[in-house]
Amino acid sequence: MKRLHRYPIGPSEGHGNRPDSRWSRRDFVRAGALATGGFAITLRDGFGIADLLRMQRIGAREVKQGVHANSPAAKACILIWLDGGPSHLETFDPKPEAPVEVRGPLSSIATSVPGIRLGECLPQTAALMDRVALIRSVTSPLGEHQFGTHYMMTGYQPTPVLDYPSYGAVYSFLDQKTSVLPKNVAVPQFNVGGAGMDGGGYLPPHHRPFSVGGDPAKPDFQVRDLNYFPSLTTDRIDRRMEFIESMNRFGQNSVEQESSQAQQETLGEIFTDSDPDLQRAYQLMTSSEAKSAFKIDEERDALRESYGRKTVGQSCLLARRLVERGVPFVTVNHKGWDTHNQLATRLKDGFAGAKTPIGLIPSLDRALSGLITDLEQRGMLDETLVVVMGEFGRTPKLNTSGGRDHWPRVFSVLMAGGGIRGGQVVGQSDSVGESPFDHPVTPSDLAATIYTQLGIDPTAELQTPDGRPVRLTPPEAEIIAELT
Amino acid sequence: MLRLPKLTRNQKTGNETGCFVLSIPPVIPRLFSGVALGFWAFADYSVSGQSFVREITPVLTKAGCNQGACHGAAAGRGGFRLSLYGSDPEADFHEIVMRLGGRRVNHLDPQSSLLLLKATETIEHGGGQRLVSSGSGAVRIEQWIDQGAPWNVTDESNRSGIGDAAATDDFGLQQLQVEPRLSILSHQGQTIPLKVTATFEDGISENVTGWTVFKAEDESAVSIDPDSGEITVNRRGRHIVIARYLNQVVPVELVLPFLSEDEASLRQNPSRPALPEFSHSEDPSSLIDHWVNQKLDLLNLPSSPPCDDATFLRRACLDLTGRLPTPSQTDDYLKLDSEVRRTWLVDSLLSSDEFNRYWTQKLAKLFRLRKLPNSQAAMEAYHRWLGQQLEEHAGYDSIVKGLLLARGDTTEVGPANFYRTADNPRERAELVSEVFMASRLRCANCHNHPLDQWTQDDYHGLAAILATQRFSERLVAHRSANVTHPKTGRDALPKLPAGAWLSREVDADPNLATEFVDWLVAKENPLFAKAIVNRLWKVMMGRGLVDPVDDFRQTNPATHPELLDELSLEFVKSGYDLRAILRLMANSDCYQRSAVPLLGNVADVAFYSHYNVRPLQAEVLADAISDVLDSPLAYGGQPIGTRAVELMDPQTPSRALDTLGRCSPESSCDQSLSTFSAGLGAKLFLLNGDFINQRLESENNRLSRWITRGYSDSEIVRDCYQLALQRLPRSDERAYWERQLGTVQADDRDNLLRDFLWSLLACREFTHNQ
């Protein structure tokens, strides 16, 4: 069974030519797997069209040099995604001096850093203000959920020509460490921006975020299908894996039978019999150590309490457990921020009928402060980048339903840990939170900054399945230097 | 309105009292400003050789000033706002000449105009240097300012007309000609010079190559010298370059064959039969192969040989009816003479009930049928109506007419539910244009579409038409419909997309929809037939001739334009018969090729040199597994035995379908055929979840019954292969399974057979259509 445990995507050794020097530029990360109908393909060269395919295999070798080239601060990233578009005015960019129709129903509070104020529902985050940095001048033209989400999650505005990968998929793709746990995890689900996005973009599908599925705040939380189906044993699971690999190899044989003698040797290299996702599923379910990463009830009660008992809190705690065990990218998807009406109820008080009536911001406050404190106490904060953001902000003026509508022209992003210098605000919005006042920051700039903090060169190039090289961030993206 | 000419006259006469500071209201209603500017120009400068639209807008576009990332952003940049790609020259003229107290142009010392100082980065400019001082662009602007920064319209009569169009898209540009439109190259690194000629309505032709913006769709494949228009192709394949001048965009196609002539002759590629003499007017059957093979020849791409009969059986059944062939179907098929087998199969599938049911769901997904709150009865009526249309072989034009013109109680009149899927008129405009015209009008909500013909007037005009269809239990046509045009702030006037304004007489209102639908389904509308034919093509061939299939654009040309044209003509001639076009496709050599690529065509994903292998759609896969197990899966509260492809409500709760990757009901499913092959979660689900195991590990499945009846090992292996893969196990496979079963402990045999069947249901050959 040992031979099952190999990773088919990655440096392929032992055959082919030396890399052509044209493609060996160190600042280029060229990698990719040409997938045709699910077949991972690598080709031996020696004929015209192999040019493009050869680059991909060479690229896979160069990845190692491309990652972590410039002394990264962070080894992992936890993205707390506020799905729906959080109001910047009630959270990270309050306007206490503005007229009431702008200021809104909630007030603001001082923080541990003089001169920086936060929304009233963020007292615990306010106490940690010296650990976190705010960017209050993020600006985007895209005020629609799917478009805005794509821009914020990839650094690229959506285009029909190409589907870009999210940060987590890129990180997973470039990370060469072998690990049984998936490298790109979403808690509870990666159904962001109206679920129009799978997060993998043009990268091979197994880099898409793995959605844990269950709610970590529920007492019976577990990852679906991770425990053996009752009548199955390890022997039978092993046998199934062997059988399916044989079946896939038979498929490959039929391919060879149909092709001429001269083609067989090369075609043998084209079709691999492995299914990366199935391999990973197998490894995950047969490793009790990996499975224990998801056992959130191993955590002390007091610690669980400190994150808050809502889904977002326990999701952040699970994210910490995963990062601690080497998962490089976790997205915590906090839903419900599309507050077109009943702003105060949704954001602060929670609905009266709910089991624990508590609004979105207090839930976030507990979760975020719990996470930062916990990471710090474990000595993990410096190497874990925490990012809090949504797809856009909300309109500066309240609407007639007592809510705020979509507003991408200016909004705020919070960052902490991972080499970010806390206690500062980079970029201001104007007096009513309508436009950037100074230092406008685009989602592309943000992408360049996140990649850089994670030790990935934002100007590096990846390869699409059809051989197109694409930069990780658009050429105009600039790193926000003030943050570090 | 009257102040404006006066102000500018002062400028012209060199009035040095500095009355540029005359206050101008920040927003002059654009209609009036247009008239005023026109009047002024006519009065004073009609003899001038300079004109803002012809001379200055191209400079701004070429220098990139008005692109979305710079001043062309909706909010402008640095307090300076231009229209995207210069689509609204009047506004740009106003922004440059009037705003900021006229500081952007300095009439006394043109060189020190803010516009030039910034663009040449003589003073600090966030966007860097866009123009070289004393370069041709800077000189043009300087001369224009020196002449008084005039507007100088080209056609006075157009300017003075009042209407929502306000002549914003009238650049006086009659034709933009790019030569050559198609180039076949011989080697990498080869260079092709492009020449762009603009012909204006006043008859003047001008070489505008230097002022044309060229953009390669794939910048890694094609490099372009922006000044000379010289194009270098660096990668093999077919590439598109977009040329933009003023308001027109023209795609240019460049082809560098996959194999050079030498390589092609060295390799003994299986040769295709010579192209038959082609005259589709009599016999359309060779139409597809004619054009597809012609393109393959052009690209020096060898085509894979035909697939075998068993593969074709499985493929056609899955593509046309969404299910595996039944044993009796297989028998009937194999009994026939091999000459007629395939055409017989296609005909029998197209006339089957399974076809009707599968395509009812396909159309339902295209039209985004879904359950709205409290509308079970309405959804049933809608689904039933669609099913009827397919059973009755209704033409696609009549189906669409039925949808768009239905009236009455939505629980009785099924098609009346169509408009309910998009409540507000703008969403409807987007839905209707995407579904029936495969065009993304959405961009034209806020600005004219930068890559296509659509204007804001088209978008809001269509919304105004569709707003007349009101729903409250019953769908009725309503007189008053208000959609606010964001530019004018007034009610948008009903308008056909890229077509005529519709009259809004009181009595005519209810007929707006009729007028639109007549226009939509007319034979002359190129988009209607092409949109659906292209979608059918994707179902059968795995990729749209225009891809993505919901993004028809002047700048996204089809890979095989003639084929799409002629197939669409054929579709119209057939009476918009979906089956007729599917039959043509299924009977083509192109569709019947093997999925196994050859060395020479393995890199091809767009030219149909081999069948594009694809994962089964979630519903089809779930049904296929149930069929092999002979044990149905329950979906929501539906009766046991309901097939996944027959579910009316795309949101019927089902963890299986969610995990296998069914597409979301809000989208048309155009993008994602299926995401099945992807995802750790889906694999855990197959391997370890209850989806397969619950049935496979119980007595309630075909295998358990066979075991109980005492079938032998080899019988079980053989029959499972036939059921799942429609073929017999090959000798190496038989040997493998004999070895496994021969060495198994007696009490483990049943489990081993279960694990065998599991591997059959989860292997790539089963989960993909080959």
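Before reading further, recall that the structure is shown in the block above.
Residues numbered from 1 in each chain as written. Chains lettered and ligands numbered in written order. Predicted model: local features only at pLDDT ≥ 70, side-chain atom pairs only at ≥ 80, totals over all residues. Heavy atoms only, no water.

1. What about the overall build of chain A?
Then step 1. For chain A, the count of helices and strands is 14 helices and 16 strands.
Then step 2. In chain A, buried positions account for 61% of the 484 residues.
Then step 3. Intrachain contacts of chain A at a sequence separation of at least 6 include 74% that bridge at least 24 residues.
Then step 4. When the accessible surface of chain A is split by element, carbon and sulfur atoms take 50% of a total near 18,000 Å². (Helix = DSSP H or I, 4+ residues; strand = E, 2+ residues; numbered from the N terminus. Buried < 20%, exposed > 50% of the residue type's maximum accessible area, 1.4 Å probe, protein only. Contact = heavy atoms within 4.5 Å. Areas by Shrake-Rupley, 256 points an atom, 1.4 Å probe, with all protein chains shown as cover.)

2. Regarding helix H27 (residues 713-725) of chain B
Side chains that are three or four residues apart share a direction in an α-helix, a result of its 3.6 residues per turn.
Then step 1. Here H27(B) contains 13 residues, and its C-alpha end-to-end distance of 18 Å stays within 8% of the 18 Å for a straight helix at 1.5 Å per residue.
Then step 2. A positive phi of about 55° marks Gln726(B), the residue just after H27(B). (Expected span 1.5 Å × (residues − 1).)

3. As for the packing of helix H19 (residues 526-541) of chain B against helix H21 (residues 578-586) of chain B
All names here are of chain B.
Then step 1. At a minimum axis distance of 10 Å, the contact between H19 and H21 shows a crossing angle of 40°. The angle between the axes of H19 and H21 places the two elements in the oblique class. With respect to the hand of their crossing, H19 and H21 are arranged in right-handed fashion. When H19 is examined against H21, the residues Ile532, Val533, Leu536, Trp537, Met540 and Met541 are found in contact with a partner set consisting of Leu578, Ile581, Leu582, Met585 and Ala586. (Axes fitted to C-alpha atoms, helices over the stretch in contact; angles between N-to-C directions. Parallel < 35°, antiparallel > 145°, perpendicular 65-115°, else oblique. Left-handed = near helix turned anticlockwise from the far one by under 90°.)

4. A word on the pattern of salt bridges
All names here are of chain A.
Then step 1. Applying the stated criterion to the full structure yields 64 salt bridges over all chains.
Then step 2. Across the salt bridge formed by Glu299 and Arg378, the nearest N and O atoms sit 3.8 Å from each other. Residue Glu299 is located in the loop between helix H9 (288-292) and helix H10 (301-306), and its partner Arg378 is located in the loop between helix H13 (360-377) and strand S10 (384-389); the two are separated by 79 residues in the primary sequence.
Then step 3. Arg394 is the salt-bridge partner of Asp338, the closest N and O atoms lying 3.0 Å from each other. One end of the pair, Asp338, is in the loop between strand S9 (329-335) and helix H12 (343-349); the other, Arg394, is in strand S11 (residues 393-394), with 56 residues separating them in the sequence.
Then step 4. When its relative accessible area of 30% is taken as the criterion, Asp338 is described as partly exposed. (Salt bridge = Lys/Arg side-chain N within 4 Å of Asp/Glu carboxyl O.)

5. Structural notes on the side chain of His560(B)
Then step 1. Inspection of the secondary structure assignment puts His560(B) in the loop between H19 and helix H20 (561-573).
Then step 2. In this structure the side chain of His560(B) is engaged in a polar contact, spanning 2.8 Å, whose partner is the side chain of Thr559(B). (Polar contact = N/O pair within 3.5 Å; in protein donor to acceptor, adjacent residues only side chain to side chain.)

6. What about the environment of Gly102(B)?
Then step 1. Looking at the element boundaries, Gly102(B) is found in the loop between helix H4 (89-98) and helix H5 (114-119).
Then step 2. Taking the C-alpha atoms as reference points, Gly102(B) and Ser113(B), separated by 11 residues in sequence, lie 9.5 Å from one another.

7. Things to note about the packing of aromatic side chains
Then step 1. Using the criterion set out here, one finds 29 aromatic pairs over all chains in the structure.
Then step 2. Measuring from centroid to centroid gives 6.5 Å for Tyr164(A) and Tyr202(A), while their planes differ by 70°, and the two rings are edge-to-face. Separated by 38 residues along the polypeptide, Tyr164(A) in the loop between helix H4 (145-154) and helix H5 (167-174) and Tyr202(A) in the loop between strand S7 (184-187) and strand S8 (210-211) bring together distant segments of the chain.
Then step 3. For Tyr202(A), a relative accessible area of 7% translates into the label buried.
Then step 4. Ring geometry for Phe418(B) and Phe436(B): centres 5.7 Å apart, planes at 50°, overall tilted. On the criterion of sequence distance, the pair formed by Phe418(B) in the loop between strand S11 (408-409) and helix H16 (425-437) and Phe436(B) in helix H16 is long-range, its members being 18 residues apart. Residues Phe418(B) and Phe436(B) agree in their burial class; the two are buried.
Then step 5. Grouped by ring-pair contacts, the aromatic residues Phe243(A), Tyr721(B), Tyr736(B), Trp737(B) and Phe756(B) constitute a single cluster.
Then step 6. A cation over an aromatic ring shows up here: Arg244(B) above the ring of Tyr85(B), its NZ or CZ 3.8 Å from the ring centre.
Then step 7. The aromatic ring of Tyr333(B) is capped on one face by Arg341(B), whose charged end is 5.9 Å from the ring centroid. (Phe/Tyr/Trp six-rings, centres within 6.5 Å; stacked < 30°, edge-to-face > 60°. Lys NZ or Arg CZ within 6 Å of the ring centre and 35° of its normal.)

8. Observations concerning the environment of Leu684(B)
Then step 1. With respect to the helices, strands and loops of the structure, Leu684(B) is situated in helix H24 (residues 680-688).
Then step 2. On the basis of relative accessible area, Leu684(B) is assigned to the buried category, the value being 1%.
Then step 3. Counting along the chain gives 25 residues from Leu684(B) to Thr659(B), while the straight-line C-alpha distance between them is 9.9 Å.
Then step 4. Residues in contact with Leu684(B), not counting those within four places in the same chain, are Phe210(A), Arg224(A), Asp225(A), Leu226(A), Ala281(A), Leu284(A), Met285(A) and Gly689(B).

9. As for the sheet that holds strand S5 (residues 205-207) of chain B
Two pairing modes exist for strands in a sheet, parallel and antiparallel, and in both the strands are linked by backbone hydrogen bonds.
Residue and element names in this part refer to chain B.
Then step 1. The sheet built from three strands is open, its strands ordered S1-S4-S5 with antiparallel pairing. If you trace the sheet from one side to the other, it starts and ends with strand S1 (173-179) and S5, each paired once. Each strand axis lies, on average, 20° off the axis of its neighbour in the sheet, ignoring direction.
Then step 2. With six bridges connecting them, S1 and strand S4 (residues 195-200) associate as antiparallel partners. Considered in S4, the bridge of Leu176 is made with Ala198. (Pairing = 2+ DSSP bridges.)

10. Here's the deal with the side chain of Asn693(B)
Then step 1. You can see Asn693(B) is positioned in helix H25 (residues 690-696).
Then step 2. At 2.9 Å, the side chain of Asn693(B) and the backbone oxygen of Gly689(B) are in polar contact.
Then step 3. Ignoring sequence-local partners within four residues, the contact set of Asn693(B) consists of Phe229(A), Leu232(A), Arg240(A), Leu686(B), Leu687(B), Asn688(B) and Ser698(B).

11. Re a nonpolar patch on the surface
Then step 1. A surface patch of nonpolar side chains, about 230 Å² in accessible area, is lined by Leu182(B), Ile184(B) and Leu298(B).
Then step 2. Positionally, Leu182(B) belongs in strand S2 (residues 182-184). (Patch = residues over 30% accessible without salt bridge, like charges linked within 9 Å, V, L, I, M, F, W, Y side chains within 5 Å.)

12. Here we look at helix H6 (residues 136-146) of chain B
Residues and elements named next belong to chain B.
Then step 1. Among the residues of H6, those classed as buried are Gly137, Ala138, Arg140, Ile141, Trp144 and Ile145. Seen along its axis, H6 keeps its buried residues to an arc of 160°; they face one direction. Facing away from the buried side of H6, by more than 90 degrees, are the exposed residues Ser136 and Asp146.
Then step 2. Contacts made by the buried residues of H6 are with helix H3 (52-62), H4, H5 and S5.
Then step 3. Two residues or fewer past H6, Gly148 is found with a positive phi of approximately 100°. (Arc of directions from axis to C-beta.)

13. What about the sheet that holds strand S6 (residues 213-216) of chain B?
Residues and elements named next belong to chain B.
Then step 1. If you walk across this open sheet you meet the four strands as S2-S10-S9-S6, and the pairing is mixed. Edge positions in the sheet fall to S2 and S6, since each of these pairs with one other strand and no more. Mean inter-strand twist for the sheet, computed between neighbouring axes without regard to direction, equals 20°.
Then step 2. Two elements, S6 and strand S9 (residues 237-245), share four bridges in a ladder whose sense is antiparallel. Residue Ala216 lies in a different strand from S9, and its bridge partner there is Val241.

14. Looking at the pairing of strand S3 (residues 76-83) of chain A
Then step 1. Of all the eight residues making up S3(A), eight are buried; the element is thus mostly covered by neighbouring parts of the structure.
Then step 2. Residues Ala76(A), Ile78(A), Ile80(A) and Leu82(A) of S3(A) are buried on one face, and the alternating residues Cys77(A), Leu79(A), Trp81(A) and Asp83(A), pointing to the opposite face, are buried as well.

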